[in-house]
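Examination of the molecular architecture
One-letter residues, chain by chain:
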Amino acid sequence: MTSIFPARRAPDNLPRPVHWATAAVCRDDENHPDVWFPVPTDLVAVEYAKGLCRRCPVQMRCRTDALNRGEEHGVWGGLDEGELRDVRKVRRAAAAKQAAREKQAAQDQQDAGELAKAG
Ligand code: SF4
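Here is what the cut-offs are and how they apply
Residues numbered from 1 in each chain as written. Predicted model: local features only at pLDDT ≥ 70, side-chain atom pairs only at ≥ 80, totals over all residues. Heavy atoms only, no water. Buried < 20%, exposed > 50% of the residue type's maximum accessible area, 1.4 Å probe, protein only. Helix = DSSP H or I, 4+ residues; strand = E, 2+ residues; numbered from the N terminus. Arc of directions from axis to C-beta. Contact = heavy atoms within 4.5 Å. 1 Å grid on protein atoms, 1.4 Å probe; cavity = no way out; pocket = protein on both sides within 12 Å on 5 of 7 lines; lining within 4 Å. Points joined across faces, edges and corners; volume = space filled by probe spheres on them. Nonpolar A, V, L, I, M, F, W, Y, C, P; charged D, E, K, R; others polar. Phe/Tyr/Trp six-rings, centres within 6.5 Å; stacked < 30°, edge-to-face > 60°. Lys NZ or Arg CZ within 6 Å of the ring centre and 35° of its normal. Near = heavy atom within 4 Å. Polar contact = N/O pair within 3.5 Å; in protein donor to acceptor, adjacent residues only side chain to side chain. Salt bridge = Lys/Arg side-chain N within 4 Å of Asp/Glu carboxyl O.

All right, on to helix α2 (residues 59-69) then. Those residues of α2 that fall on the buried side of the exposure criterion are Q59, C62, A66 and L67. Projection of α2 onto a plane perpendicular to its axis shows the buried side chains occupying an angular sector of 130°, all on one side. Buried residues along α2 sit in contact with α1 (43-54) and α3 (81-118). Residue G70 follows α2 closely and has a positive phi angle near 75°.

Shown next as structure tokens:
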């Protein structure tokens, strides 16, 4: 059955952005995917994965994405599980501090408004 509406697809010849992950070192066939998921207590394996990440051209982009996704396992962007956890902890603390500052600023503004009305 044909639709009365026109097909709403973009033409296939439009340029598409290349995803950053296409430049990732971990896409090389040389390294088995397990390399990036070492047992956390196997420090040699963890350091090996981090060393590969250090020569990856998209390391920072990968790290940011992993932190934003909340990756809990593996080595991402040159950080191991503990380091990713630490950065997330710092980020949460900074967000909480910022929220407290904003709440205080709103309260101060409200207080100033009430003082102006009363005065
Ligand atoms: S930095 Fe990220 S994308 Fe690059 S090799 Fe490491 S895990 Fe892969």
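Time to look at the layout of surface pockets. What the largest pocket holds in volume is close to 330 Å³. Counting only elements with at least two residues in the lining of the largest pocket, the list comes to α1 and α2. The biggest single contributor to the lining of the largest pocket is α2, with 3 residues. In the lining of the largest pocket, the residues fall into 15 nonpolar, 4 polar and 2 charged.

Let us now look at the packing of aromatic side chains. The way to describe two aromatic rings as a pair is by their centre distance and the angle between their planes. Tallied over the entire structure, the rule returns 1 aromatic pair. Seen in terms of ring centroids, F37 and W76 are 6.0 Å apart; in terms of plane orientation they differ by 80°. Their pairing is edge-to-face. Taken as a pair, F37 in the segment before α1 and W76 in the loop between α2 and α3 lie far apart in primary sequence, 39 residues in all. A residue is classified by how much of its surface remains accessible, and F37, at 45% relative accessible area, is partly exposed. If you follow R69 out to its NZ or CZ, it ends over the ring of W76, 5.0 Å from the centre.

The next point concerns the environment of R61. Note on placement: R61 falls in helix α2. The class for R61 is partly exposed, based on a relative accessible area of 46%. Each C-alpha atom of the pair R61 and A106 lies 35 Å from the other, and the pair is 45 residues apart in sequence.

In this structure, A7 sits in the segment before α1. Taking the C-alpha atoms as reference points, A7 and E81, separated by 74 residues in sequence, lie 46 Å from one another.

Before going further, it helps to spend a moment on the site of the ligand. Around the ligand, the structure places A24, V25, C26, W36, C53, C56, Q59, C62, V75 and G77. Grouping the amino acids of the shell around the ligand by side-chain chemistry returns 8 nonpolar, 2 polar and no charged.

Glancing now at the side chain of N31. Positionally, N31 belongs in the segment before α1. Reaching out from N31, the side chain makes a polar contact with the side chain of Y48 at a distance of 3.4 Å. When residues no more than four places from it in sequence are discounted, the contact partners of N31 are W36, Y48 and L52.

Another aspect to go through is the pattern of salt bridges. According to the stated counting rule, one finds 5 salt bridges in the structure shown. E83 is the salt-bridge partner of K50, the closest N and O atoms lying 3.1 Å from each other. One end of the pair, K50, is in helix α1; the other, E83, is in helix α3, and 33 residues separate them in sequence. Take K50: its relative accessible area is 8%, and that puts it in the buried class.

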